[in-house]
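Listed here are the chains, written in short residue letters.
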Amino acid sequence: GQSLEQPSEVTAVEGAIVQINCTYQTSGFYGLSWYQQHDGGAPTFLSYNALDGLEETGRFSSFLSRSDSYGYLLLQELQMKDSASYFCAVSYYGQNFVFGPGTRLSVLP
Amino acid sequence: ETGVTQTPRHLVMGMTNKKSLKCEQHLGHNAMYWYKQSAKKPLELMFVYNFKEQTENNSVPSRFSPECPNSSHLFLHLHTLQPEDSALYLCASSQGAGGEDYEQFFGPGTRLTVL
């Protein structure tokens, strides 16, 4: 089967850096994606890693280690608007996706 | 309209009712998805359509019946639901070409309450 693990909650202050980890067990793995979901909103795509290493998109970076079945999302210069839930998702054969349970990030002033 | 739209946004139904959820995408994508999001549970993929053909059905009860008449529209027909089916139902689309497909675009969801 497919399963992903993430911390349930993370709290940080404005301007800080926070890392949200994701470990997965899956077969037929293509890559690891990250999504952000504000309360009452739809998930929105943040980043994707198919190869090992770091992908940087503005204040957000994502990392993947296929050998360790592990990835993380790094958020820098935290802002209040970053308070949301963050989901990692594994894509595998075809158009199939499995989402992690989500990490609720609270950014404090 | 742009992106992915869903109607209705909120739905309350009894266990004996029949209703349908509608999703439309304006992105020119070929793959469409239904997800269920319950409190304290991960997003659960229910159905996948690629070029109007159903490619995934993740052990969803038969009281949920999807329909994809074309690549832009997706329906979820509901009948004889149970209270535990109350959740946010999200529709998503992606490029969908049979190969690696990683970015999904989600609609705002339908908040369903089954009484």
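Please refer to the structure higher up on the page.
A. A look at the overall build of chain A. Across its full length, chain A carries zero helices and eleven strands. Ordered by position from N to C terminus, the α and β elements of chain A give β-β-β-β-β-β-β-β-β-β-β. Taken against the 2.2 N^0.38 rule, which gives 13 Å for 109 residues, the C-alpha radius of gyration of chain A at 13 Å falls within 12% of a compact globule. Dimensions of chain A, computed from the C-alpha atoms along their principal axes, are close to 40 × 30 × 20 Å. Across the 109 residues of chain A, 50% fall into the buried class. Considering only contacts in chain A between residues 6 or more positions apart, those separated by 24 or more positions represent 56%. One way to put it: in chain A the 4 positive side-chain charges average out to a point 6 Å from where the 10 negative ones average out.

B. Up close: the sheet that holds strand E1 (residues 3-5) of chain A. Residue and element names in this part refer to chain A. Reading across the sheet, the five strands line up as E1-E3-E8-E7-E6 and stay open at both edges, with antiparallel pairing between neighbours. In this open sheet, the two edge strands, each paired with only one partner strand, are E1 and strand E6 (53-57). Taken over all neighbouring pairs, the strand axes of this sheet differ in orientation by 20° on average, direction set aside. Alignment of E6 against strand E7 (residues 60-65), held across five bridges, turns out to be antiparallel. Looking at the pairing, Gly-53 lines up with Leu-64 of E7.

C. Quick look at the environment of B:Tyr89. Residues and elements named next belong to chain B. Here Tyr-89 is to be found in strand E9 (residues 87-94). Residue class for Tyr-89 comes out buried when judged on its relative accessible area of 0%. Discounting residues that sit within four places of it in the chain, Tyr-89 has contacts with Gln-6, Leu-21, Trp-34, Tyr-35, Lys-36, Met-46, Phe-64, Leu-76, Gly-109, Thr-110 and Leu-112.

D. View of the side chain of B:Gln6. All names here are of chain B. In this structure, Gln-6 sits in strand E1 (residues 4-7). Among the polar contacts listed, one links the side chain of Gln-6 to the backbone nitrogen of Cys-91, at a separation of 3.0 Å. A polar contact is formed between the side chain of Gln-6 and the backbone nitrogen of Gly-109, at a distance of 2.9 Å.

E. Main features of the interface of chain B and chain A. Counting residues at the interface gives 26 residues for chain B, matched by 18 residues for chain A. Around 1800 Å² of area is buried between chain B and chain A when both sides are counted, 56% of it from carbon and sulfur atoms. At the boundary of chain B with chain A, the tally comes to zero salt bridges. The tally of links between chain B and chain A comes to two residue pairs in polar contact (both at pLDDT 80 or more). Mapped onto the side of chain B that touches chain A, the elements with two or more residues apiece are strand E4 (31-37), strand E5 (44-50) and E9 of chain B.

F. Quick look at the state of the cysteines. Here the structure, examined in full by the defined rule, presents two disulfides over all chains. With a sulfur-sulfur separation of 2.1 Å, A:Cys22 is cross-linked through a disulfide to A:Cys88. Measuring the twist about the S-S bond at about 75°, one finds the A:Cys22-A:Cys88 disulfide to be right-handed. Of this pair, A:Cys22 sits in strand E3 (residues 18-25) while A:Cys88 sits in strand E9 (residues 84-92), and the two are 66 residues apart along the sequence. Residue A:Cys88 is classed as buried on the basis of its relative accessible area of 0%. What pairs with B:Cys23 in a disulfide is B:Cys91, and their sulfur atoms sit 1.9 Å apart. Here the S-S torsion is close to -70°, and the disulfide linking B:Cys23 with B:Cys91 is therefore left-handed. Highlighted residues: B:Cys23 in strand E3 (residues 18-25) and B:Cys91 in strand E9, separated in sequence by 68 residues. Just so you know, B:Cys68 is unpaired, no disulfide at all, and the nearest cysteine sulfur is the one on B:Cys91, 9.1 Å from it. By relative accessible area, which is 12% here, B:Cys68 ends up buried.

The rules behind the values
- Residues numbered from 1 in each chain as written.
- Chains lettered and ligands numbered in written order.
- Predicted model: local features only at pLDDT ≥ 70, side-chain atom pairs only at ≥ 80, totals over all residues.
- Heavy atoms only, no water.
- Helix = DSSP H or I, 4+ residues; strand = E, 2+ residues; numbered from the N terminus.
- Rg over C-alpha atoms; globule rule 2.2 N^0.38 Å.
- Buried < 20%, exposed > 50% of the residue type's maximum accessible area, 1.4 Å probe, protein only.
- Contact = heavy atoms within 4.5 Å.
- Lys, Arg positive; Asp, Glu negative; His and termini not counted.
- Charge placed at Lys NZ, Arg CZ, Asp CG, Glu CD.
- Pairing = 2+ DSSP bridges.
- Axes fitted to C-alpha atoms, helices over the stretch in contact; angles between N-to-C directions.
- Polar contact = N/O pair within 3.5 Å; in protein donor to acceptor, adjacent residues only side chain to side chain.
- Buried area = accessible area lost by both parts, 1.4 Å probe.
- Salt bridge = Lys/Arg side-chain N within 4 Å of Asp/Glu carboxyl O.
- Disulfide = S-S within 2.5 Å.

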